[in-house]
Amino acid sequence: MSLDKYDAKIIESKWVKKWEEEGTYKFNPKSKKKFYSIDTPPPTVSGKMHLGHSSSYTQQDVIVRYMRMKGFEIFYPFGTDDNGLPTERLVEKLKGVKGSKMKRNEFTKLCYNTVKEIRPDFIKDWKNIGMSCDFSILYSTIDEHCRRISQRSFIELYNKGREYRMKSPTIWCPTCETAIAQVELEDKELDSEFVEVKFKLDDGKDLVIATTRPEMFPACVAIFANPNDKRYKHLFGKKARVPLFNHSVPIIADEHADPEKGTGVVMCCTFGDQTDIEWYKAHKLPLKIIITTDGLMNELAGKYKGMKIKDARKAVIKDLESENLLVNRKKITHNVNVHERCSTEVEILESNQWFIKYLDLKDKFLELGNKMKWYPDYMHVRYDNWIKGLRWDWCISRQRFYGVPFPVWYCKKCGELVLADINDLPVDPLVDKPKKKCKCGSSEFEPEKDILDTWATSALTPRLSVELAPKEIQDKLFPMNLRPNAHDIITFWLFNTVVKSWLHYETIPWKDIIISGHVQDPQGKKMSKSKGNTIAPQDVINKFSADALRYFVTNVSLGDDYPYKEQELVRGSKLAVKLWNAAKFIQSHELSGSSSSEELIDEFIVNELNNVISKATAYLDDYDYSKAKKEIVEFFWGEFADYYLEMVKYRLYGTNQASKNSVIKTLNHVFLNVLKMICIYMPFVTEEIYRNLYDSKESIHNQSWPIISKKFSTESGKDWSLLKNIISEGRQYKINNQLSLGTELSKAVIQAPKEAVKLKEVIKGTLRIKELEFKEGKELKLTIL
């Protein structure tokens, strides 16, 4: 079949459809090949995807395609993450509703149906960028299969004594009105004020305390200073009055108070931070919660009741000034914990929550981290640092509507907790009832209304995917071979999956971990929908092509972020055209007869091919797709297209059929291997070329990865370099003299090392020199006579 004009859009649309029809990437559970399983974090169905995140999926797909060509049977399911807060927010926006204003069952039904509507187009976008998943093995983190596994996980861990429910200080997001886990926090630099305020001692003297949160005064329950701070030793055991609110609080010695911070004395409020919680528990202090779940001051705040937190802060500072209680105020910028979902400053409120107990296993999790191979290795430290800094057990309950329900009821009579039967999962306690009576004999139950944190389900992705495979092969798929992971989810998705894997199976979830970076905006800033600086892959594909997009996002090394550069997309487009034109050129020349006469130059290019196969394979075995691609592309463009193709044209258009046949065989051999290597990066154009040029009914993506025919010869490599330098000299002469490269030259003298003599015919034929004379010399010099 002949290759017509290159049209990326037609080609890419064609192969998205045909690969699915042909089952090109379909997993065969009965295969005799060795299984290779990939645990891909399912992307969130929360509207239009952006290049910042989707780039990491494209990078991992290159590795998967390579492993498939290396002879593995690839288990590569596709999942969508569509339960929890992001989905709620999307549905509220799309449907113009508010979950808090609807009945829960009506809102959850609306969420489920909306996701069902938009999921097909969302999945199609991933197919369009060339993901080689088996899309027939598909899961959604809210489907029945995933709800069953998630609820089973909860029951198993509860029975192991790893889960507990208690009223406890909890990190709280006032905007989302739910408890969140430590992992959902991120630091944000915000403007604030550092104020120094007078507290009154019993003897009427002032005790000055510095704070950034004067609105917390009504929640102040104690004052602390370091026991070794001589300035305040005489005050321990005494009391001070809180400004504006006039209640007395004890002054207590505690080594956690920092003498160097502020004035050296610090107020303890319930709750401003983790230290407040520790002091509250250690010293059995009273509890005063002054903030509501939606971020307003409550009745304990007195005249400030109903105000938003920041408004109350301003009002308190103003009143402190008017009462002459303000000693000093200073504008500052500091890091504040915010909820990563909405960037709201978090609070600490006391509420009933479910937790997974794991702080006692920190050493074990560090040990497990060492059992997995990290690529790049330096990313391992993020995992370790996160574990070392853990201060909270994992809060897994959320006060939201759409998600996986806790399979739990409470007896109305005695308060006993009742778990669902494993065989009945999944259940919804708001709809379903326990099948057995309580131990006390009662059959009246109160359902658990909270839902599971989305990460409690997402941390099970190895099982969510593996349990879609036939039961008899599941042990061959888990632990999984590979976890591709962007660097921003090491601390929660990756870590939490390690937690669940250990708690359930006492093993690591994967053997290897590859950590990718993100595409940033053209100014090098993180892409964010809230900033409005995102770039949609769909738009890039429409402007350039999916192959060009894949070329661009695989330029960077593992772990690195990199700015969006259109010139790299242009380069990717040009590479596709260059491949196409090379294929058309090769297709225009056919073998005639069986005679063949291989020349030195044919051996040289095959030698260079063997070298690039060896290097690219070594890089890809270490998951270094960017260095491998650099080797492959430089060989194709610089060695094969720019030099070898030009050097053999005089033979192709000559009369020596044996020489012609040798060139044609070499062209096809080298180009076929180039296609096989580039196809993992640019699957569409290479598939179209392969099927047409080699008249194949099989996909290039199911062919074997190239292997070297013989070891690289250093001597041949030197001769090839010398030949290229001579040809470059000749080309430069013609350019400098404004001659076309096809212009015939009457006579030339080449001064070169003696090895160049054997290259005489290639030099004459390539540069079109009628008479060529050689002079031996160390330095290369070309003289045209």
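In the block above lies the structure referred to throughout.
Overview of the structure. Small disclaimer: the values here were computed from a predicted structure and weren't measured.

**Notes on the packing of aromatic side chains**
For step 1, the next point in the chain: Inspection of every chain in the model, using the stated rule, returns 41 aromatic pairs.
For step 2, the next point in the chain: Aromatic pair Tyr690 and Tyr694: ring centres 5.9 Å apart, planes at 45 degrees, arrangement tilted.
For step 3, the next point in the chain: A relative accessible area of 22% places Tyr694 in the partly exposed class.
For step 4, the next point in the chain: Members of the aromatic cluster, each reached through a chain of ring pairs, are Tyr358, Phe365, Trp374, Tyr383, Trp394 and Phe495.
For step 5, the next point in the chain: Above the face of the Phe478 ring, Arg463 is positioned so that its terminal group lies 4.9 Å from the ring centre.
For step 6, the next point in the chain: A cation over an aromatic ring shows up here: Lys629 above the ring of Tyr551, its NZ or CZ 3.8 Å from the ring centre.

**With respect to the pattern of salt bridges**
For step 1, the next point in the chain: Counted according to the given criterion, the structure contains 47 salt bridges.
For step 2, the next point in the chain: The shortest N-O distance in the salt bridge between Arg148 and Glu144 comes to 2.9 Å. Residue Arg148 and its partner Glu144 are both found in helix α5 (residues 144–159); the two are separated by 4 residues, about one turn of the helix.
For step 3, the next point in the chain: For Arg148, a relative accessible area of 31% corresponds to the partly exposed category.
For step 4, the next point in the chain: You can call Glu144 partly exposed: its relative accessible area is 46%.

**Details of the sheet that holds strand β15 (residues 373–375)**
For step 1, the next point in the chain: Read across the sheet, 3 strands follow the order β15-β23-β22 without closing on themselves; strand pairing throughout is parallel. Edge positions in the open sheet fall to β15 and β22 (480–486), since each of these has one partner strand only. Taking the axes of each pair of neighbouring strands and ignoring which way they run, one obtains an average angle of 20 degrees across the sheet.
For step 2, the next point in the chain: In the sheet, β22 pairs with strand β23 (residues 510–516) via 6 bridges, with the strands oriented parallel. Pairing of Asn485 across the sheet is with Ile515, part of β23.
For step 3, the next point in the chain: Contacts from helix α2 (residues 51–69) reach β22 and β23 within the one sheet, and its direction differs from that of β23 by about 135 degrees.

**Some remarks on the packing of α2 against helix α15 (residues 546–553)**
For step 1, the next point in the chain: Axis separation between α2 and α15 bottoms out at 9 Å; the angle between their running directions is 90 degrees. Accordingly, the angle class assigned to the pair α2 and α15 is roughly perpendicular. Residues Leu51, Ser55, Thr58, Gln59, Asp61, Val62 and Arg65 of α2 form the contact with α15, whose own contacting residues are Leu549, Arg550, Phe552 and Val553.
For step 2, the next point in the chain: Residue composition of the contact of α2 with α15, by class: 5 nonpolar, 3 polar and 3 charged.

**Thoughts on unusual backbone geometry**
For step 1, the next point in the chain: Put simply, Tyr375 and Pro376 share a cis peptide bond, and its omega is -5 degrees.
For step 2, the next point in the chain: In this structure, Pro376 sits in the loop between β15 and α9 (380–388).
For step 3, the next point in the chain: For the bond from Leu425 to Pro426, the omega torsion is 0 degrees, close enough to zero to count as cis.
For step 4, the next point in the chain: Inspection of the secondary structure puts Pro426 in the loop between β19 (417–419) and β20 (445–447).
For step 5, the next point in the chain: The phi angle at Tyr623 is positive, at roughly 65 degrees, despite the residue not being glycine.

**Details of the sheet that holds strand β26 (residues 745–752)**
For step 1, the next point in the chain: The sheet built from 3 strands is open, its strands ordered β27-β26-β28 with mixed pairing. If you trace the sheet from one side to the other, it starts and ends with β27 (769–776) and β28 (781–784), each paired once. Strand-to-strand, the axes of this sheet are offset by a mean angle of 20 degrees, without reference to chain direction.
For step 2, the next point in the chain: Across the sheet, helix α23 (residues 760–767) touches β26 and β27, and the angle it forms with β27 is around 140 degrees.

**Here we look at the state of the cysteines**
For step 1, the next point in the chain: Applying the stated criterion across every chain, the model contains 0 disulfides.
For step 2, the next point in the chain: Between Cys342, a free cysteine, and Cys173, which holds the nearest cysteine sulfur, the sulfur-to-sulfur gap is 3.5 Å.
For step 3, the next point in the chain: Assessed through its relative accessible area of 26%, Cys342 is described here as partly exposed.
For step 4, the next point in the chain: A disulfide-free cysteine, Cys438 has its sulfur positioned 3.6 Å from the sulfur of Cys414, the nearest such atom.

**Re empty space enclosed by the protein**
Using a probe with the size of a water molecule, rolled over the atoms, empty space left in the structure can be pinpointed.
For step 1, the next point in the chain: Per the counting criterion, the structure on display carries 5 cavities of 30 Å³ or more.
For step 2, the next point in the chain: Considered as a void within the structure, the largest cavity measures approximately 110 Å³ in volume.
For step 3, the next point in the chain: For the largest cavity, the lining is made up of 14 residues, of which Leu85, Glu184, Arg398, Asp453 and Thr454 are closest to its centre.
For step 4, the next point in the chain: Broken down by class, the residue content of the lining of the largest cavity amounts to 5 nonpolar, 4 polar and 5 charged.
For step 5, the next point in the chain: Roughly 60 Å³ of internal volume is contained in the second largest cavity.
For step 6, the next point in the chain: In terms of lining residues, the second largest cavity is bounded by Ala181, Gln182, Val183, Tyr358, Trp386, Leu390, Trp392, Asp393, Trp394, Cys395, Phe495 and Asn496.
For step 7, the next point in the chain: The class makeup of the residues in the lining of the second largest cavity is 9 nonpolar, 2 polar and 1 charged.

The rules behind each value
- Residues numbered from 1 in each chain as written.
- Predicted model: local features only at pLDDT ≥ 70, side-chain atom pairs only at ≥ 80, totals over all residues.
- Heavy atoms only, no water.
- Phe/Tyr/Trp six-rings, centres within 6.5 Å; stacked < 30°, edge-to-face > 60°.
- Buried < 20%, exposed > 50% of the residue type's maximum accessible area, 1.4 Å probe, protein only.
- Lys NZ or Arg CZ within 6 Å of the ring centre and 35° of its normal.
- Salt bridge = Lys/Arg side-chain N within 4 Å of Asp/Glu carboxyl O.
- Helix = DSSP H or I, 4+ residues; strand = E, 2+ residues; numbered from the N terminus.
- Pairing = 2+ DSSP bridges.
- Axes fitted to C-alpha atoms, helices over the stretch in contact; angles between N-to-C directions.
- Contact = heavy atoms within 4.5 Å.
- Parallel < 35°, antiparallel > 145°, perpendicular 65-115°, else oblique.
- Nonpolar A, V, L, I, M, F, W, Y, C, P; charged D, E, K, R; others polar.
- Disulfide = S-S within 2.5 Å.
- 1 Å grid on protein atoms, 1.4 Å probe; cavity = no way out; pocket = protein on both sides within 12 Å on 5 of 7 lines; lining within 4 Å.
- Points joined across faces, edges and corners; volume = space filled by probe spheres on them.

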